[in-house]
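# Structure assessment
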Amino acid sequence: MSEGQESHGNIQEPDHIESSGEYDRYRDNPELLAETKLKTSRLFSFDWANGFVSPFRPTPRDILSNMLQHVHFSTPGKDTLLDLGCGDAVVLIQALETFPSSQLVRAIGVDLDKPLLETAKEGILQERKASATTNDEHDSILSRLELYHGDLTIKDESLTTILSPNELRGQCDRETTMRQLIDECSHIFVYLLPEALSKLAPLLLEAIEVTQKVVLSMRWEIPELAKYQVHGGVGQQYYVYDNKIPCVSLTEMEKNE
Ligand SMILES: C[S@@+](CC[C@H](N)C(=O)[O-])C[C@H]1O[C@@H](n2cnc3c(N)ncnc32)[C@H](O)[C@@H]1O
């Protein structure tokens, strides 16, 4: 591992996922570095002065497809997926393509990397324009997707809207904070470094136990949530945690997967 990689953490990828050199992104682009915020307002404190708790690495489509097969959006009109550190929004787009609006009402992403979000927004708008055959199809993704710039570790600071149905219609968005988004969502997706996950674990545990949310973790197990694991494992490279469906033993799960 190079020096640069070490200073920004390392997500060890499985052998079949090639390194794209994205780890140098923050070292080589000082403008991406966020100001250090007061630790008192953070959901958790983290040593990285630049605010990033994980480098950018998109979730592979095939792994996400497998994970989404175990996800149920079952509260019509309410279900919302929140990706904490959404990168280029691939997870949100794939979920919106997989689930109709009658099941998945909103897909929301927050990321600290503004240039990445802006590039993602351009790509999404172009792609949707090119692939949409009818306005309905076009709207079905864009009317449910929200992207915000901000620090996922800070609860009460206003997030900046990058893309939202209101923004596309030229209307004003209400002010949104991480606290509101976490309150409003039904499913939380995370693909962050294990150290960040362990700091987020109390919040995720509360989300599962108190507000009955489902937590989806790409690549990394969250040991603090182990008793709520209902799908996935090392072999699958994803973990689904849910308090609402009865837990099966790991051996049972491996037999069934
Ligand atoms: C491993 S990537 C995952 C991207 C996306 N969720 C996916 O699975 O395809 C982690 C993302 O977290 C973002 N990130 C890291 N620290 C953050 C912070 N403090 N607040 C918001 N986003 C952050 C990074 O910019 C990066 O895009």
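Here the residue numbers are simple positions, counted from 1 along each chain's written sequence. Local features in this predicted model are restricted to residues whose pLDDT is 70 or higher, and side-chain atom pairs enter the listing and the counts only when it is 80 or higher, whereas totals over whole chains, interfaces and linings include all residues.

Within the chain, the secondary structure is distributed over ten helices and eight strands. Relative to its 257 residues, the chain shows a buried fraction of 37%. Looking at the chain alone, contacts between residues at least 24 apart form 62% of all its contacts between residues at least 6 apart. Only runs of H or I of at least four residues qualify as helices and only runs of E of at least two qualify as strands under DSSP, and these elements are numbered from the N terminus. Burial is judged by counting other C-beta atoms within 10 Å of a residue's own C-beta: 20 or more means buried, 12 or fewer means exposed, and anything between counts as partly exposed, with every C-beta placed from the backbone. Once C-beta atoms are placed from the backbone, any two residues with those atoms within 7 Å are in contact.

Any residue qualifies as near a molecule or strand once its backbone-derived C-beta atom lies within 6 Å of it. Near the ligand there are 25 residues, and of these Thr59, Gly85, Gly87, Leu112 and Tyr191 occur at the shortest range. Classification used: nonpolar for Ala, Val, Leu, Ile, Met, Phe, Trp, Tyr, Cys and Pro, charged for Asp, Glu, Lys and Arg, polar for all others including Gly. Along the lines of polarity and charge, the residues of the shell around the ligand split into 14 nonpolar, six polar and five charged.

Its location among the elements puts Gly232 in strand 7 (residues 229–233). Linking Gly232 and Arg219, residues 13 residues apart in sequence, is a C-alpha distance of 9.6 Å.

Now for the packing of helix 3 (residues 61–68) against helix 4 (residues 90–98). The axes are straight lines fitted to the C-alpha atoms, using for helices just the contacting stretch, and the angles between their N-to-C directions are given from 0 to 180°. Where helix 3 contacts helix 4, the axes come no closer than 11 Å and their chain directions differ by 50 degrees. Viewed along their axes, helix 3 and helix 4 adopt a mutual orientation that is oblique. For the crossing formed where helix 3 meets helix 4, the hand is right-handed. Along the contact surface, helix 3 presents Arg61, Leu64 and Leu68, while helix 4 presents Val91, Gln94, Ala95 and Thr98. Split into classes, the residues belonging to the contact of helix 3 with helix 4 amount to four nonpolar, two polar and one charged. Orientation categories follow fixed angle ranges, with anything under 35 degrees roughly parallel, anything over 145 roughly antiparallel, 65 to 115 roughly perpendicular, and all other angles oblique. Crossing handedness: left-handed means the near helix sits turned counterclockwise from the far one by under a right angle, and right-handed means the same turn made clockwise.

With five of five residues buried, strand 6 (residues 214–218) lies mostly within the body of the structure. Because side chains alternate across strand 6, one face comprises the buried residues Val214, Leu216 and Met218, and the other comprises Val215 and Ser217, equally buried. A clockwise path from the first strand over the helix to the second, with the strands pointing away from the viewer, defines a right-handed crossover. Assessed by its sense of winding, the connection that carries the chain from strand 5 (residues 187–190) through helix 9 (residues 194–209) to strand 6 is right-handed. Pairing between strand 6 and strand 8 (residues 238–241): four bridges, direction antiparallel. One requirement defines pairing of two strands: DSSP has to find at least two bridges between them.

Right, let's talk about the confidence of the model for the chain for a bit. Of all residues in the chain, 72% have pLDDT values of 70 or greater, and the mean over the chain is 80. A score between 0 and 100, pLDDT records how confident the predictor is in each residue. In this model, residues 1–26 is a region of pLDDT below 50 whose contacts with residues beyond four sequence positions or in other chains number 34 contacts.

Leu81, Leu82, Leu92 and Ile188 are the most contacted members of the largest nonpolar core, which totals 61 residues. Excluding residues that lie within four positions of it along the chain, Leu81 makes contacts with Leu92, Ala95, Leu104, Ala107, Ile108, Cys185, His187 and Phe189. Here, a nonpolar core means buried Ala, Val, Leu, Ile, Met, Phe, Trp, Tyr and Cys residues linked by C-beta atoms lying within 7 Å of one another.

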